[in-house]
Amino acid sequence: MQAGHTSPFRAPHSLAQADATLLFYLHIFLANRLGHAYPPHRGGTERGRERTPRVPPLRILIANNHLVNFAGSEIHALELAEHLNGCGHEAVLTALVVAAPFTGEAIRRRVPVVPMRKLDWGAFWDVVWSHHVPAFQFIHGKLQLKARRHLHGLLSSVLALERPPLPADFRMGRRSLTFLPNSELTLASASRHLPCDARTQILRNLAPDAWVEAVRGAHAAEPAAIACVSNHPPAEICELAELARAAGMRFDIIGAGQSGTARRVSPALLAPYDLVISIGKTVNYCLAAAIPIFVYDHFGGPGWLDAKRIGPAEATIFSGKCTPGARPASRLLAEIRAGYRRASAFAAQTASWSAARYGVGAQIERLGLLEGLDRRPQALLPWWWGRRRVRVFNRALVAETV
């Protein structure tokens with residue numbers, strides 16, 4: 001941290017601290033008048049490549065309810081922070097619950113993680129980007145954090161934790177808040193709970209640069225190694241594993257469920273496999289890297305993707321809900337063998353399209369999430385947004401989901 005600037009996190013009070021705080025707020029005032037970002041930042045590099053952001057470097061807080069495991073919302077936040085820091089911004093992760101193994105991965109990726117209770121009341125950020133109802137209410141209702149833009153991601157169509165964090169009768173007015181559902185399904189599910197004048201943009205599950213750069217140039221003629229990425233593989237997938245192994249194929253389950261192992265999915269992890277069976281974020285990864293992907297899990301799924309199936313599958317977050325219903329393991333194996341070559345060709349043909357559609361930087365730029373920020377940072381919720389209103393809203397939220 002440069003001299004003359006204070007951290008948004010708590011520090012011991014002293015006369016020097018007071019002087020630094022005065023200088024910090026003076027800098028904010030001048031930045032607002034001159035239209036500059038604050039404080040000044042150094043540029044950054046990623047994988048040896050200089051990356052110049054289209055907007056001035058920004059201070060960005062990314063808030064989750066929890067940062068503990070390698071689950072969807074945690075990885076989503078980490079991918080955002082990695083990309084933003086690589087572009088020269090200053091992105092910080094925060095959560096109500098912070099623990100290993102996530103903290104170890106964040107340290108390896110040089111992404112700062114701060115427990116939410118250590119954030120300072122009324123601190124200034126350029127962008128506050130939140131996920132989950134409890135995190136939103138803590139940083140906006142209790143801490144009253146100020147920012148030039150507020151973003152809130154909606155990452156699930158079914159979990160109460162991912163519901164819109166404001167009641168439907170709340171009036172947004174001129175508040176700088178945009179909701180970011182990750183699919184048409186999530187938007188449709190959230191629409192009856194969103195404030196009537198809420199702004200929404202679809203930010204699809206992310207495919208970081210590492211996947212785009214690992215695009216495959218060739219595929220095997222026949223599948224010999226299969227990976228199933230799932231924390232909750234259904235019974236027919238476990239039976240499929242036995243059938244595939246009996247047929248001489250390698251079949252590994254990657255995930256926390258059954259006898260699998262939990263780890264972060266990476267291009268290197270999937271490199272030995274000819275195809276992947278999965279749903280959700282892993283599908284976006286595989287599409288960007290031209291890895292043949294068979295979409296199937298506990299909801300069912302369409303199986304191999306093609307030009308006709310990819311639209312409905314994408315609209316349902318690649319969850320498999322577009323084609324619900326379980327299929328016998330023997331039928332799944334027959335589908336995998338029969339469609340592998342066509343799926344390999346489709347993966348190769350759509351890799352560049354997928355990279356442009358799901359890439360982190362491509363989506364942020366296309367949606368203009370970091371452009372046209374307000375000149376002055378403002379708290380999102382009014383001062384009278386008290387604890388009683390939050391408790392009433394929480395009880396209604398729980399009652400609707402029991």
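Calculation notes
Residues numbered from 1 in each chain as written. Predicted model: local features only at pLDDT ≥ 70, side-chain atom pairs only at ≥ 80, totals over all residues. Heavy atoms only, no water. Pairing = 2+ DSSP bridges. Helix = DSSP H or I, 4+ residues; strand = E, 2+ residues; numbered from the N terminus. Axes fitted to C-alpha atoms, helices over the stretch in contact; angles between N-to-C directions. Disulfide = S-S within 2.5 Å. Buried < 20%, exposed > 50% of the residue type's maximum accessible area, 1.4 Å probe, protein only. Phe/Tyr/Trp six-rings, centres within 6.5 Å; stacked < 30°, edge-to-face > 60°. pLDDT = per-residue confidence, 0-100. Contact = heavy atoms within 4.5 Å. Salt bridge = Lys/Arg side-chain N within 4 Å of Asp/Glu carboxyl O.

### Considering the sheet that holds strand S13 (residues 293–297)
Part 1: Strand order in the open sheet made by the five strands is S11-S10-S12-S13-S14, with mixed pairing throughout. Looking at which strands have only one partner, the edges of the open sheet turn out to be strand S11 (250–254) and strand S14 (300–304). Averaged over all pairs of adjacent strands, the angle between strand axes in this sheet comes to 20°, irrespective of strand direction.
Part 2: Alignment of strand S12 (residues 275–278) against S13, held across three bridges, turns out to be parallel.

### Some details on the state of the cysteines
Part 1: Going through the model one piece at a time under the given rule, you end up with zero disulfides.
Part 2: We note that Cys 228 lacks a disulfide partner, and the nearest cysteine sulfur, in Cys 238, lies 7.9 Å from it.
Part 3: Cys 228 gets classed as buried once you look at its relative accessible area, which sits at 1%.

### Some remarks on the packing of aromatic side chains
Working definition: an aromatic ring pair is given by the centre-to-centre distance plus the angle between the planes.
Part 1: Summed over all chains, the structure comprises five aromatic pairs.
Part 2: Ring plane angle 5° and centroid distance 4.7 Å describe the contact between Trp 211 and Tyr 285, whose orientation is recorded as stacked. One end of the pair, Trp 211, is in helix H6 (residues 209–213); the other, Tyr 285, is in helix H9 (residues 281–288), with 74 residues separating them in the sequence. Comparing Trp 211 with Tyr 285 shows no difference in burial state: the two are buried.
Part 3: An angle of 80° between the planes, with centres 6.2 Å apart, marks the rings of Phe 318 and Tyr 358 as edge-to-face. Of this pair, Phe 318 sits in the loop between helix H10 (310–315) and helix H11 (329–358) while Tyr 358 sits in helix H11; the two residues are 40 residues apart in sequence, bridging distant segments of the chain. Comparing Phe 318 with Tyr 358 shows no difference in burial state: the two are buried.
Part 4: Pairwise contacts between aromatic rings join Phe 294, Trp 304 and Tyr 340 into one cluster.

### Re the environment of Pro 115
Part 1: Examined against the element boundaries, Pro 115 turns out to sit in strand S5 (residues 113–115).
Part 2: When the C-alpha atoms of Pro 115 and Val 98 are compared, they prove to be 6.3 Å apart, with 17 residues separating the residues in sequence.

### So, the confidence of the model for the protein chain
Part 1: Taken residue by residue, the protein chain gives an average pLDDT of 84. The fraction at 70 or more is 80%.
Part 2: Confidence, read as mean pLDDT per element, is least for strand S1 (residues 44–46) in the protein chain (36) and greatest for S12 (98).
Part 3: Low pLDDT, under 50, characterises residues 23–50; the predicted model gives this stretch 60 contacts beyond four residues in sequence or across chains.
Part 4: Low confidence marks residues 395–402, where pLDDT is under 50. Its contacts with residues over four positions away, or in another chain, come to seven contacts.

### So, the pattern of salt bridges
Part 1: Taken as a whole, this structure holds 15 salt bridges when the rule is applied.
Part 2: Where Arg 109 meets Glu 82, a salt bridge forms, and the shortest distance between an N and an O atom there is 3.6 Å. Residue Arg 109 is located in the loop between helix H3 (102–108) and S5, and its partner Glu 82 is located in helix H2 (residues 72–86); the two are separated by 27 residues in the primary sequence.
Part 3: Its relative accessible area of 19% is what places Glu 82 among the buried residues.
Part 4: Linking Asp 252 and Arg 250 is a salt bridge whose minimum nitrogen-to-oxygen distance equals 2.7 Å.
Part 5: Accessibility expressed as a relative area gives 24% for Asp 252, which makes it partly exposed.
Part 6: The exposure class assigned to Arg 250 is partly exposed, which follows from its relative accessible area of 41%.

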